[in-house]
Amino acid sequence: MTDTGYDEWLAAIADGEGYYLACPDGHGSLPPRRSCPHCGAAELTEEPLPATGEVLTFTEVHVPAPNFADEAPYVTAVASFGPVRLTGVVRDLPADEVDLGTTVSVGVGENATTDERLVVFRPASE
Amino acid sequence: MTNVRIAGVGLTKFGSHPERTGRDLFAEAALAAREDAGVSRDDYEEIFYGNFMGELAEKQGHQGPVMAEAAGLDCPATRYEQACASAGVAFRQAVATIRSGAADVVLAGGMERMNNLGTAEVTQSLAIAADELFEVRAGVTFPGAYALMARAYFDAFGGDSEDLAHIAVKNHANAMQNDYAQFHREITVDDALESPVVADPLSLYDACPITDGASAVVLVSDDYAERHGLDAPVSVTGSGQGGDKAALQDRPHLARTPAATKAADAAYADAGIGPDDVDVAEVHDCFTIAEVLALESLGLYDHGEGVGAAARGETTRDGDLPVNLSGGLKAKGHPVGATGTAQVVEMTKLLRGDHGNSDAVPDARVGVTHNAGGTVASAVVHVLEVDR
């Protein structure tokens, strides 16, 4: 099944050309979307997603849902990328080295259980 | 505007009843509420019913008419789905309907059957209350979502796992006097701290159990209560609802729940009271951190102060502001779609004086219920007041 708008966004991130949507007032949001969730403006443009983000909060999930059965334990984090925040799975960084403020880059990986593509954070090379 | 009175309440025992159908559970609660109310069957005009995962658990959509039949009633019945706030919004609609004058007698309630699914399937089913594209696909389970909020809270305001453990200990202790609660087992702070990690910093004892159960409330207008001489001392004097972005990532604060603040402010204004007037509260503690966020959103504590309330003994049975005397979702149990009205049932009994823990609040006049959906993307708050 395809998810128009979302799939294209993931593909762009995978190609290193991630973007977010900006409204005339400068609010950021993620596709698929037809209006700004913050002010309702319908004029949205694609702007480049910052290359790195900062971890705002995270958790190591020990009890997964079936769609992550083969991943547990895994770290999920919310990270800030300029005007938008993304939620993704942290890879290539041990759980005990993830912290608030950790700088990460965003990419796309594969869910080992479902083969679905997913947002992945990796330690950013300084 | 018509005053709304609670004429009757009913519950099933909360717990693991994998063999019992949803309609059987709801029938038990609804018949108990009807018996408690003593209202003629022909006078029921509408049913407002909450349920979250019925399609997944029982492959049953369109549950309204099924549940009306189960309740032995012949009237329109509508299902409300708002994740864990399903029965809360159903109750709010019931209140609005009587206030508008459109009906004098309605039944509000909810039901959830969960234990016939395995833990993994329940985890998956609950996760659909989160944002599917942006959270579920990134591995966010429900405990995981609240863990994200707990870590953000500790970072913003302080507090730690031991503070949360005190909340679990308190709610388990309160459940000891509640015959309808899922757990009748006291725990210690060490038990909680040593329980297996589910999604750090949350452990097993920070989480509510998987619960089957149903709840029901009969609501009547003042006029109807008077004409029929009903003994209905508890009124619903305030109702409020608030909303927020579905995904945590889209909210400015990860350690606050403004949807509940909006719901509380609206409910207080509706009732003409403020947080200082609240004598007792039943809040949505699906996880221990959720009780903290609830207390702060309700204005009962400043941001950063709620986390230590149980440890300081302020929200315990003997404290100034007992919270979750029912045992809360943590120990009473959390049949998701039934919880909102279950809180109303517990609060009504606490205020009427026929709850196992009523002796903890003998002079209570004002009670508040707080029911949250998802990671509080939805919140419903009600104010209940008793004639004294």
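Chain B is annotated in an unreviewed UniProt entry as Acetyl-CoA C-acetyltransferase from Haloferax volcanii.

As annotated in an unreviewed UniProt entry, chain A carries the name ChsH2 C-terminal OB-fold domain-containing protein and comes from Haloferax volcanii.

## With respect to the overall build of chain A
Along the backbone of chain A there are one helix and eight strands. Starting at the N terminus, the α and β elements of chain A follow one another as α-β-β-β-β-β-β-β-β. The C-alpha radius of gyration of chain A comes to 15 Å, within 12% of the 14 Å expected for a compact globule of 126 residues. When the backbone C-alpha atoms are referred to their principal axes, chain A occupies close to 40 × 35 × 25 Å. For chain A, the proportion of its 126 residues judged to be buried stands at 48%. For chain A, contacts bridging at least 24 residues in sequence account for 49% of all contacts bridging at least 6.

## Observations concerning empty space enclosed by the protein
All names here are of chain B. Taken as a whole and assessed by the stated rule, the structure comprises three cavities of 30 Å³ or more. If you add up the space inside the largest cavity, you get close to 40 Å³. Residue assignment for the lining of the largest cavity shows that the elements contributing at least two residues are α4 (86–99), α13 (339–352), β10 (366–373) and β11 (378–386). For the lining of the largest cavity, the per-class residue count stands at three nonpolar, seven polar and no charged.

## Observations regarding the UniProt feature "domain: ChsH2 C-terminal OB-fold" (unreviewed entry) in chain A
As annotated by UniProt and renumbered to match this structure, "domain: ChsH2 C-terminal OB-fold" (unreviewed entry) occupies residues 47–106 of chain A. Strand forms 52% of residues 47–106 of chain A and helix 0%; the C-alpha atoms that close the span are 15 Å apart.

## What about the UniProt feature "domain: Thiolase C-terminal" (unreviewed entry) in chain B?
The positions UniProt marks with the feature "domain: Thiolase C-terminal" (unreviewed entry) are residues 240–385 of chain B. Strand forms 16% of residues 240–385 of chain B and helix 29%; the C-alpha atoms that close the span are 15 Å apart.

## Description of the nonpolar core
All names here are of chain B. Ranked by size, the top nonpolar core spans 65 residues in total, and within it Tyr146, Tyr268, Ile289 and Leu300 carry the most contacts. When neighbours within four sequence positions are excluded, leucine 300 is seen to be in contact with Tyr268, Pro275, Val278, Ala281, Leu295 and Leu321. In terms of nonpolar packing, the next biggest core, distinct from the first, is built from 31 residues, Val4, Phe14, Val106 and Val344 among them.

## Notes on the pattern of salt bridges
All names here are of chain B. Counting across every chain of the model gives 21 salt bridges over all chains. A salt bridge links aspartate 387 to arginine 5, with the nearest nitrogen and oxygen atoms 3.1 Å apart. Of this pair, aspartate 387 sits in the segment after β11 while arginine 5 sits in strand β1 (residues 4–11), and the two are 382 residues apart along the sequence. A residue is classified by how much of its surface remains accessible, and arginine 5, at 14% relative accessible area, is buried. A salt bridge links arginine 317 to aspartate 359; the nearest nitrogen and oxygen atoms lie 2.6 Å apart. Of the two residues, arginine 317 is situated in the loop between α11 (288–297) and α12 (328–332) and aspartate 359 in the loop between α13 and β10; the sequence distance between them amounts to 42 residues. Taking relative accessible area as the criterion, arginine 317 reaches 26% and is therefore assigned partly exposed.

## Section: helix α7 (residues 161–175) of chain B
Residue and element names in this part refer to chain B. Helix length check: α7, at 15 residues, gives a terminal C-alpha distance of 21 Å against a target of 21 Å (1.5 Å per residue), a fit within 8%. Looking only at α7, the buried set comprises Asp163, Leu164, Ala165, Ile167, Ala168, Lys170, Asn171, His172, Asn174 and Ala175. Buried positions along α7 lie against α6 (142–157), α8 (189–194), β6 (202–203), α11 and α12. You can read the cap of α7 off the contacts: a side-chain oxygen lies 3.1 Å from the backbone nitrogen of glutamate 162, and it is on aspartate 160.

## Describing the sheet that holds strand β1 (residues 19–22) of chain A
Residues and elements named next belong to chain A. Taking strand neighbours across the sheet as the criterion, the three strands line up as β2-β1-β3 in an open arrangement whose pairing is antiparallel. Every other strand in the sheet has two partners, leaving β2 (28–29) and β3 (45–48) as the edge strands with one partner each. The sheet contact formed by β1 and β2 spans two bridges and is antiparallel. Bridge pairing links leucine 21 to serine 29 in β2.

## Section: α6(B)
Residues and elements named next belong to chain B. The end-to-end C-alpha distance of α6, which contains 16 residues, comes to 22 Å, matching closely the 22 Å that a straight helix rising 1.5 Å per residue would cover. Buried residues dominate α6, accounting for 13 of its 16 residues. For α6, the capping residue at the N-terminal end is threonine 141, with a side-chain oxygen 2.9 Å from the backbone nitrogen of glycine 144. Immediately beyond the C-terminal end of α6, within one or two residues, lies glycine 158, with a positive phi of roughly 90°.

## Comments concerning the sheet that holds strand β7 (residues 213–221) of chain B
Residues and elements named next belong to chain B. One open sheet accounts for nine strands, arranged β3-β2-β4-β7-β1-β8-β11-β10-β9; its pairing is mixed. One side of each edge strand has no neighbouring strand; the edge strands of this open sheet are β3 (77–80) and β9 (280–282). Across the sheet, the axes of successive neighbouring strands diverge by a mean angle of 25°, strand direction being ignored. One ladder, built from eight bridges, connects β10 with β11; its direction is antiparallel. Bridge pairing links glycine 367 to leucine 384 in β11.

## A short note on unusual backbone geometry
Negative phi is the rule for most residues except glycine; trans is the rule for most peptide bonds. At the junction of A:Pro31 and A:Pro32, the peptide bond is cis and its omega measures out at 0° in the coordinates. Structurally, A:Pro32 is set in the loop between β2 and β3. The residue after B:Asp200, namely B:Pro201, is reached through a cis peptide bond having omega 10°. Structurally, B:Pro201 can be placed in the loop between β5 (197–199) and β6. For B:Lys59, which is not glycine, the phi dihedral falls at a positive 55°. For B:Ala83, which is not glycine, the phi torsion reads 55° and is therefore positive. Structurally, the position occupied by B:Ala83 is in the loop between β3 and α4. Since its relative accessible area comes to 7%, B:Ala83 is described here as buried.

Basis of the calculations
- Residues numbered from 1 in each chain as written.
- Chains lettered and ligands numbered in written order.
- Predicted model: local features only at pLDDT ≥ 70, side-chain atom pairs only at ≥ 80, totals over all residues.
- Heavy atoms only, no water.
- Helix = DSSP H or I, 4+ residues; strand = E, 2+ residues; numbered from the N terminus.
- Rg over C-alpha atoms; globule rule 2.2 N^0.38 Å.
- Buried < 20%, exposed > 50% of the residue type's maximum accessible area, 1.4 Å probe, protein only.
- Contact = heavy atoms within 4.5 Å.
- 1 Å grid on protein atoms, 1.4 Å probe; cavity = no way out; pocket = protein on both sides within 12 Å on 5 of 7 lines; lining within 4 Å.
- Points joined across faces, edges and corners; volume = space filled by probe spheres on them.
- Nonpolar A, V, L, I, M, F, W, Y, C, P; charged D, E, K, R; others polar.
- UniProt positions renumbered as here; feature names shortened; annotations may be inferred.
- Core = buried A, V, L, I, M, F, W, Y, C linked by side-chain atoms within 4.5 Å.
- Salt bridge = Lys/Arg side-chain N within 4 Å of Asp/Glu carboxyl O.
- Expected span 1.5 Å × (residues − 1).
- Polar contact = N/O pair within 3.5 Å; in protein donor to acceptor, adjacent residues only side chain to side chain.
- Pairing = 2+ DSSP bridges.
- Axes fitted to C-alpha atoms, helices over the stretch in contact; angles between N-to-C directions.

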